[in-house]
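Working through the structure, step by step
Listed below are the residues making up each chain.
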Amino acid sequence: MDVTARIATLELAETFVIARDARDTAEVVQVELSYDGTTGFGEGAPIDRYNESAESALQYVEDAAAALGDDPFALDEIEYGLEPREWAARSALDAALHDLQGKLTGVPVWRLLGLRRQGPPTSWTIWLGDPDDMGNRAARVADRFLRLKLKLGARDGRDVDRVRAVREATAAPLQVDVNEYWTLDEALDCLPQLAELGVEYCEQPLPAGDPGGARLKAASPIPIYVDEDCHRLADVAGCAERAHGINIKLAKSGGIREAVRMAHAARALGLGVMLGCMIESGLGISAAAQVASLCDHVDLDGNLLLANDPWPGVEFLDGVQVPADEPGLGVREEVPDPR
Ligand code: MG
């Protein structure tokens, strides 16, 4: 197999703010894998929180080329030949391999995996801002999205006010993501108030590995989901004592293959399963959408946050991100009109 890779810069429609970061663009690595005249594509979104960058991901893919061999169906062998690091780069390779398999067999990836095409509706992210601003932004999208995810963790004592402002703007189901920015005391204080406002669950209230995790799980009136605490299969069992569910992202797991393993492990432990994403084009989102039916909650709005999605193909239908009924990942790059 021949592999080429490049860095692509995605432009956001609006500045995206969370507790630790604000940005207008996001860099991803895109991989092209050719075999016998057929080409598979995949995208990975490096997470700087874990010391990954577009440059380090690109380097990993270039170095990995020789380890890929010449059988796109030999996923097990390929996986064990790759160095266990740079998970976004690995997710791009994994997606390109699945895209290639689908195109070679004429089958969409979700069918190749034996899964249903359609998963639960996606949430729309209301990025962190002042309470009124978040309420206004929620009101603007309330007829388009069936659930909203609020970014919290501003450390200004106004996180509950943010949720209240959004609650007043819409009756849509709400979830919140604190991105590790609460202390145990703040979480114990806020979560009962969020429960009263009808928030369905809270993502990563405490820093990853915080010793208060088990106590918070026992005390919380709403389910706790962990994201920064849970990357790959080996993390799932340890999350059962601190959370009611896990947030799987391909950029953390290293791709579809590990994501499926994680979903099954979570079920065996009685945990809920959420599927998340980074800021990604339709190429990255299409890979995650293939496994959405395994999950209880889906947060795949990455490509919808862009000014322009250069890889259309995933259909946003009645609140659900539906993968195409076409071979492989079912997306195609849209080359911009030079005029
Ligand atoms: Mg999160």
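Residues numbered from 1 in each chain as written. Predicted model: local features only at pLDDT ≥ 70, side-chain atom pairs only at ≥ 80, totals over all residues. Heavy atoms only, no water.

Take the domain arrangement of the chain next. Segmentation of the chain into domains returns domain 1 (2-106) and domain 2 (123-322). Taking only C-alpha atoms into account, the centre of domain 1 sits 23 Å from that of domain 2. Each partner contributes residues to the interface: domain 1 has 33 residues there, and domain 2 has 38 residues. In terms of surface lost to domain 2, no three residues of domain 1 exceed F16, A19 and W87, which account for 18% of the buried area on that side. Note that E79 is salt-bridged to R261, the shortest N-O span being 2.9 Å. Here domain 1 is connected to domain 2 by 15 residue pairs in polar contact (both at pLDDT 80 or more). Those elements that place two or more of their residues in the side of domain 1 that touches domain 2 are β1 (2-18), β2 (21-35), β3 (38-44), α2 (75-81) and α3 (87-105). The greatest single-element share of the side of domain 1 that touches domain 2, amounting to 10 residues, is contributed by β1. Here the residues of the side of domain 1 that touches domain 2 are counted per class, giving 17 nonpolar, five polar and 11 charged. (Domains from an automatic or database assignment. Contact = heavy atoms within 4.5 Å. Buried area = accessible area lost by both parts, 1.4 Å probe. Salt bridge = Lys/Arg side-chain N within 4 Å of Asp/Glu carboxyl O. Polar contact = N/O pair within 3.5 Å; in protein donor to acceptor, adjacent residues only side chain to side chain. Helix = DSSP H or I, 4+ residues; strand = E, 2+ residues; numbered from the N terminus. Nonpolar A, V, L, I, M, F, W, Y, C, P; charged D, E, K, R; others polar.)

Moving on, we get to the sheet that holds strand β4 (residues 123-126). Two pairing modes exist for strands in a sheet, parallel and antiparallel, and in both the strands are linked by backbone hydrogen bonds. Taken in spatial order, the eight strands make up an open sheet running β4-β5-β6-β7-β8-β9-β10-β11, and their pairing is parallel. Only two strands of the sheet have a single partner each, and these edge strands are β4 and β11 (297-298). Pairing analysis gives two bridges linking strand β7 (residues 199-203) to strand β8 (residues 224-226), with the strands arranged parallel. Looking across to β8, one finds that E203 is bridged to Y225. (Pairing = 2+ DSSP bridges.)

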